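# Commentary on secondary and tertiary structure
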Amino acid sequence: FEYRFSADDLKRAGRKAAPSMTSRAGRREVVFLPWKASLWPGLEPYWRQAQADPDCDAYVIPVPYYYRKPNGEPGTMHYEGDLFPEEVPVTDYNSYDFQKRHPDVIFIHNPYDEYNPASTLHPFFYARNLKPYTDRLVYTPFFVTDEITPEDRKSYYNMRYYASMPGVILADTVIVLSEQTRLSYIRFLSETYGEDTQTIWEEKITCNSRIPFLKTR
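A brief report on the enclosed structure follows. (Residues numbered from 1 in each chain as written. Predicted model: local features only at pLDDT ≥ 70, side-chain atom pairs only at ≥ 80, totals over all residues. Heavy atoms only, no water.)

Counting across every chain of the model gives 7 salt bridges. Of the charged contacts in the structure, one is a salt bridge between Arg-28 and Asp-104, with a shortest N-O distance of 3.3 Å. Of this pair, Arg-28 sits in strand β1 (residues 28-33) while Asp-104 is found in the loop between α2 (98-101) and β5 (105-108), placing the two residues 76 residues apart along the sequence. On the basis of relative accessibility, which here comes to 32%, the residue Arg-28 falls in the partly exposed class. (Salt bridge = Lys/Arg side-chain N within 4 Å of Asp/Glu carboxyl O. Helix = DSSP H or I, 4+ residues; strand = E, 2+ residues; numbered from the N terminus. Buried < 20%, exposed > 50% of the residue type's maximum accessible area, 1.4 Å probe, protein only.)

So this is what it looks like as structure tokens:
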């Protein structure tokens, strides 16, 4: 279950053609892909931004997940779409056509793809598989960490278990909670994958939680 970095993962190649804005009557579309209802608060602020834009359609699509068996194979499927707050309109994952709709933005907050030894999402919802179907794949962590500095060697070492996962590498934008955390991600990833990648991390990792194109009611 070890992710091996490839420079190809930093490229935007392979994206499908997006529907024209005319076909959407000038509207934007943002999709949120939580998996556990208890983790929804991590995505909720961004959903509320999208909800507040009169020209944006927001879809909350809970995705199925599996705990792994001792042999590593996925076990029984779990789906928590019926556990979200009543105020959150939930779209069934089988009813949304990602290829046809090609949302402007997809938000994810599970970074692991197939590289979590304890659990996994349905493979369709891995970052690698979603990226071709959106103009902007956004990753924001579902967990909160203390401020990390390189001097905190244990915490800095542990970044390899979440900062170097496909969700971070493949996302077009990574939103973290603070400037200190942003700088820690940039330093860790640059040290791990080469100083020549630093500009990439500087451009994609932000602590600005505003979705750029959204309006306010």
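That shown, we press on.
This part covers empty space enclosed by the protein. With the rule as written, the count across this model stands at 1 cavity of 30 Å³ or more. A volume near 40 Å³ is recorded for the largest cavity. (1 Å grid on protein atoms, 1.4 Å probe; cavity = no way out; pocket = protein on both sides within 12 Å on 5 of 7 lines; lining within 4 Å. Points joined across faces, edges and corners; volume = space filled by probe spheres on them.)

Once that is clear, we can look at the side chain of Arg-182. Here Arg-182 shows up in helix α6 (residues 179-193). Residue classification places Arg-182 among the buried positions, given a relative accessible area of 17%. Among residues more than four places away in sequence, those in contact with Arg-182 are Val-176, Glu-202, Ile-205, Thr-206 and Cys-207. (Contact = heavy atoms within 4.5 Å.)

What follows is about the sheet that holds strand β3 (residues 65-68). Sheet architecture is open: 3 strands sit in the order β4-β3-β6, paired in antiparallel fashion. The two strands at the open ends of the sheet, each matched to only one other strand, are β4 (74-78) and β6 (119-121). Going across the sheet, the axis of each strand differs from the next one's by a mean of 30°, ignoring polarity. With 3 bridges joining them, β3 and β6 adopt antiparallel strand pairing. Bridge pairing links Tyr-66 to Thr-120 in β6. (Pairing = 2+ DSSP bridges. Axes fitted to C-alpha atoms, helices over the stretch in contact; angles between N-to-C directions.)

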